[in-house]
Structure formats: C-alpha cells, structure tokens
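Summary of the model geometry
So you can see what is in the structure, the chains are spelled out below.
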Amino acid sequence: MKRALISVSDKKGIVDFAKRISDFGYEIISTGGTLEVLLKNNIKASAVSDITGFPEILEGRVKTLHPKIHGGLLFLRENEEHLRQINEHFIIGIDLLVVNLYPFEETVRKHILDIQEKKSNHHLLDSEYSEEIIENIDIGGPAMLRAGAKNFKAVTVLIDPADYDCILNELEKKGTTSVETRLRLAAKVFEHISRYDYLINSYLTSSYSQVCEVPFFPFEYFHFPTKLRYGENPHQKATYFQKSITTTLEINEQDIISQIHGKELSYNNYLDIDAALKTIIKFSEPTVAIFKHTNPSGIASDPEITIAYQKAFATDTVSPFGGIIVTNEKIHLDFVEAIDKVFTEIVIAPDFSEEALLKLKKKKDRRLIIYHRDLLNKMKNHLQIQPCLDGYLAQMPDLVEDNVEEWTFPTDQKPSNNELDELKFAWQVVKMLKSNAICFTKNKQTLGLGIGQTSRISSLNIAVESAKRANLDLTNSVCASDGFFPFKDSIERLSEIGVKLVIQPGGSKADLEVIQACNKLKIAMVLTGRRHFRH
C-alpha cells in the first residue's frame, strides 16, 4: 500500500485532496490540526505518533523529527541494504508528502500592520511580538520537505495547493506521478524553503542590527528581474532587481516610483533617478534639482517652484540638455512651459496637473516619473552594496540629518540668523556632490559647483569658473565643502572672490591655520563636525 503524510498550515483544498488520494488507495498519516480536520470529514488517517510510537512533545515543537518518518522518506527503493534496514527497524515508506510551513511571513506582516495601526514605537523584536514570530519558525516541516525533495525519484512532495489537481490527474490516469513532475515539485520545494529561510534570516539579522546598531546585509530576496535596455554603455547588459519582501516597519506593497510616460528606463536612468530622489528628500521648501550623470548641475529653493527651476537652470545653462529634473512640488503648466525650452530626458515629481501631463506627453520619448513621498524614507534604510575584491562592501546611505545644534562657530565673524539659513541650504547641496566637492550658493540658489576632483583647491577653482561662465556673482556668497580644508590656500582664494561665509566639517590638522586665515580675511566659518564624502 502506498502512503501519504499530510501536515499543512494552509488547509485550503486539503479535504478534497485527501479524499481523492484515499480513493486511489493511499494510507494517510497526519499531525495535529490537520489530523483533526481529516477525521472530522470522515477521512481515515493515522496519527504520526502512532507510527513513531512517540508522542508530540514541547507543545508540538517535536512531532515529525523521528527516524521512522525521515527513514520512510529518504530510503532508496532500489538499494538492498536500505531495504534491509527499513524492514529491520519497522519503518514504513512514505510515497507522497503534503506539507506547507508555519505562516512565518504572514505573522511578521500581521505584527508590522499592528504596530503601524497603533502608531507605536514598538519593534518586531519586542517580546509581545517576537514570541509568536519565533514560534512560527517551522523546523519539522522544512526537514521533511528537504528529505522528500532529495529523494524525488521515489517521493512526490507538495507544498502548494495549486499543484493538487495536477497530481490527482496523474494519479487517476497513470496510478503514479512522473519523474518529471516530481523533479519540478522538488525544485519548487527548495525554492520555497530558500525564501522561507531568507525571511527568517532577514527578521533575525534586522533585529540583530537594531540591538547592535550596525548595518547588516542578509542577501536580498528579489522579484523576477526587469531587463533594461542596456547598462552604463550599450554593449553592457543590465537588469533591475527589486526586493520582493521586507521585514522593516515600513511595509507597503507600492513601489517608490511609477513611470507614467515614455520609453523604458535604462541602467543609467535608474542611477540618475536614485541620485535625484536622494537629493530632493533633503529639502522641505519647494525645491528643484537638475541632474546629469548622477550629479546636480543646479539646485534652488523658492516659494514659486517655476522660479526655483529658473534659478537652478541659471547655475549651468549647458549641462541640463538631456538631463533630469526633480522637484518636491506638484508640476503645473507654467513649470512645463519653462522647462520645455530645453530638452529634458526625465521629469520626476510627486504629482502632475492634467494640463501639465498633456503638454509633457507630446514628446513621446520623454520619461515622466511620479514618486511617492511617503515611501522615500525606505531609501534611508536601503543598504548600499558595492562589489569589492572577492566580496562586497555594505554601508547605510548618507541620508542622516545633521544636528545644527552641534555646529561650532570658531571664527571672530559669526553668521546672522538669515545667513545661517543659507548655510543650511549650501550644506544640504554639497552633501550630494561627489567628493572632493565645493559649492557656492546665494539666495538658496547654486552659483557654482566643483565636483569629483583629486584636490579641494581644484574643485574650488572649477566652481569659480563655472559661476563666471554663467555670469553669476560670487560676492557675499556661501561656500560649502564636503570635507575639511587641508591648507589655508582655499580660504585665501575665497577671499579674492568676495566670499564671506564658509561651512565645512573641520577635523584637519590645519584647522587652526584655516581659522586664523578666516579671521585675518574677515570670513565667518562654521564647522559641522561631520564630513559627507561621496566616492
């Protein structure tokens, strides 16, 4: 007689399935709640404990972890020594295994939603949540599934009710399942267990990182990849993998961005959009940033968003051609008319008016992206992963908010309250430039940007020349530097062009020399105490 072991947390379809296989001559073995359901529906079934001669113990934590179960799944039917040992120890063969696992993912999600609904400061690690989550880590189920799937040449293993009909059809027509079907189901089992283990790993490691305050990177579990047009260059193939599950407190099935018009996105488009959103998230006032190759060519804030665009564009009127515009305000028709004077490849905003969309969509290849403001904070918790040598580097993104109260004012000249507001704007801008980085701002408008040079004075000179090309006056502007000034030469150069306010992290051995140079040249300098390199 053939035997089936059935132990499922998802009871959908199991009664009909069990009735059918019983009609096909299968003896059924079952556990706990599943056994109760089968007996209640007049399906003959034996308890696993009757087979093992050992009761379920530890509140059900141990019930199928027994040689008479695993022996019945794992023995090789054509191996004489295996058959001898099976008979010697009175082990019965198990030909069909129907198991699905404790609902770990559903339990985590339920508690996340509970925390969100209560708007509490709890974390999933809190005892009121973690106890139930831990109890939904299945042990016996995965062990049986692995055993049955390993021995797929003889054992049919089912984890998904969607496969019940397929198996019933084969049993009805042939009396058995094909090896091709058993192989397919075995592969499905290991994929399922892999995802299940990833979820547990993600929960435990995220809890560990909460306790130890360190970034921890469990390998992500992704949706099927999206094929991109090409990589950084047309000869490079590329894909985009999006995480399919989360165990953070920000559970939301919605994507951060939605493309509403234009041709498909490329590898470089994704990078540019990521850089643009990581910049715009920094600003609470109406702000526009124009990007090219993940670097801003201009950023400005203004109560009127169209004026903010015009100020940002004035920083560099050449680079925005074929670039990307991002704003933190809804886009209206007047904004579109302003940006339409130059070809823009991507426009990113939290919303568009109907009139604005009609005009923007007249250019079929222009990509329009809506981002969801309430989901941007997900980016703050998304580890940055970089291949390095034979492994990976991982770090948290540099999206932390600096504490202005920790800034120091070491020079004789001090900034006024209005000037402090401008310093904050300049500091937000320079954090998003690639180091070594220098930016000049005035009236919350970038005037000149120096990006990614091997020396700070070189970045400074590039920023000065950029402002000159745009006919922008640097007199009384603010200069921000993402790292400390190693020498006083930069301060002397700033004095020559009329800069009276400087903001930088400090921390150089030459800080005293730089401060003395500022005092001599009547420049006010702020030290933030935190650098913001972008390699």
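In this text, all values refer to a predicted model and were calculated from it rather than measured experimentally. Throughout this document, residue positions are counted from 1 along each chain, in the order its sequence is written. Only residues with pLDDT of at least 70 are given local features in this predicted model, and only at 80 or more are side-chain atom pairs given and counted; all residues enter the totals for whole chains, interfaces and linings. Water and hydrogen atoms were dropped before computing side-chain values, which therefore reflect all heavy atoms in the structure.

As a further point, take the pairing of strand E18 (residues 478-481). Each residue gets one of three labels from its accessible area relative to the maximum for its type: buried under 20%, exposed over 50%, partly exposed in between, using a 1.4 Å probe on protein chains only. Helix numbering and strand numbering both begin at the N terminus, where a helix is a DSSP run of H or I of at least 4 residues and a strand a DSSP run of E of at least 2. Of the two faces of E18, the one holding Val478 and Ala480 and the one holding Cys479 and Ser481 are both buried throughout. Relative to E18, strand E16 (residues 438-442) runs antiparallel, the two sharing 4 bridges. If you follow Phe440 over to E18, its bridge partner there is Cys479. By this definition, two strands are paired if DSSP reports at least two bridges between them. In this sheet, strand E19 (residues 501-504) lies alongside E18 in parallel orientation, the contact comprising 3 bridges. Within E19, the position partnered with Cys479 by the bridge is Val502. Assignment of crossover handedness uses the view with strands pointing away from the viewer, where a clockwise path from the first strand over the helix to the second indicates a right-handed crossover. This β-α-β element, E18 to helix H17 (residues 489-496) to E19, shows right-handed connectivity.

Turning next to the confidence of the model for the chain. Per-residue confidence for the chain gives a mean pLDDT of 86; residues scoring 70 or more make up 89%. Summary of the metric used: pLDDT quantifies the predictor's per-residue confidence within the range 0 to 100. The contact criterion used is simple: two residues touch if any of their non-hydrogen atoms lie within 4.5 Å. In this model, residues 245-253 is a region of pLDDT below 50 whose contacts with residues beyond four sequence positions or in other chains number 33 contacts.

On to the packing of aromatic side chains. Stacked, tilted and edge-to-face are the three classes applied to pairs of Phe, Tyr and Trp rings, where Trp contributes its six-membered ring and a pair requires centres within 6.5 Å; stacked means planes under 30 degrees apart, edge-to-face means over 60, and tilted covers the rest. Across all of its chains, the model carries 6 aromatic pairs by this definition. Centre to centre, the rings of Phe104 and Tyr196 are 6.3 Å apart; their planes meet at 65°, and the pair counts as edge-to-face. Residue Phe104 is located in helix H6 (residues 104-118), and its partner Tyr196 is located in helix H10 (residues 179-212); the two are separated by 92 residues in the primary sequence. Here Phe104 matches Tyr196 in class, with each residue buried. Ring pairs connect the aromatic residues Tyr309, Phe313 and Phe335, which therefore count as one cluster.

Moving on: the nonpolar core. Among the nonpolar cores identified, the biggest contains 41 residues, and Ile273, Leu277, Val326, Ile348, Tyr371, Cys439 and Ile503 are the most heavily contacted of them. Looking at which element gives the most residues to this core, the answer is helix H15 (residues 417-430), with 7 residues. By nonpolar core is meant a set of buried Ala, Val, Leu, Ile, Met, Phe, Trp, Tyr and Cys residues that side-chain atoms within 4.5 Å join together. Within the second largest apolar cluster, 29 residues are counted, among which are Leu97, Ile112, Ala186 and Tyr196.

Let us look at the environment of Pro67. Within the secondary structure, Pro67 sits in helix H4 (residues 67-74). Considered as a pair, Pro67 and Thr52 are 15 residues apart in the sequence and their alpha carbons are 8.0 Å apart.

Moving on to the packing of helix H16 (residues 456-469) against H17. Angular values range over 0 to 180 degrees, each being the angle between N-to-C directions of two axes fitted as lines to C-alpha atoms, with helices fitted over their stretch in contact. Contact pair H16 / H17: the axes reach a minimum separation of 10 Å and the direction vectors enclose 15°. Taken together, H16 and H17 sit at an angle that is classed as roughly parallel. In the packing of H16 onto H17, the handedness of the crossing is right-handed. Contacts from Ile457, Leu460, Asn461 and Val464 of H16 reach H17 at Asp489, Ser490, Arg493 and Leu494. For classification purposes, an angle smaller than 35 degrees is called roughly parallel, one larger than 145 roughly antiparallel, one from 65 to 115 roughly perpendicular, and anything else oblique. Here is the rule for handedness: rotate from the far helix to the near one, and if that takes an anticlockwise turn smaller than a right angle the crossing is left-handed, while a clockwise turn gives right-handed.

The next subject is the sheet that holds strand E5 (residues 156-158). By way of backbone hydrogen bonds, the strands of a sheet pair with one another, either parallel or antiparallel. Read across the sheet, 5 strands follow the order E3-E2-E1-E4-E5 without closing on themselves; strand pairing throughout is parallel. Edge positions in the sheet fall to strand E3 (46-47) and E5, since each of these pairs with one other strand and no more. Note that strand E4 (residues 96-100) and E5 share 3 bridges and pair parallel. Among the inter-strand pairings, Leu97 is bridged to a residue of E5, identified as Val157. Together, strand E1 (3-8), E4 and E5 form the strand contacts of helix H8 (residues 140-150), whose direction differs from that of E4 by roughly 145°. Sitting on the sheet, helix H9 (residues 164-174) is in contact with E1, E4 and E5, with an inclination near 155° to E5.

A few words now on the environment of Leu494. Looking at the secondary structure, you find Leu494 in helix H17. Under the relative-accessibility criterion, Leu494 is labelled buried at 0%. As a C-alpha pair, Leu494 and Ile523 span 29 residues in sequence and 9.0 Å in three-dimensional space. Discounting residues that sit within four places of it in the chain, Leu494 has contacts with Phe440, Leu460, Cys479, Phe485, Val499 and Val502.

With that settled, the discussion passes to the environment of Asp351. Residue position: Asp351 is located in the loop between strand E12 (344-349) and helix H14 (354-360). Of the residues examined, Asp351 reaches a relative accessible area of 32% and is grouped as partly exposed. Those residues in contact with Asp351 that sit more than four places away from it in its chain are Glu329, Lys330, Ile331 and Ile370.

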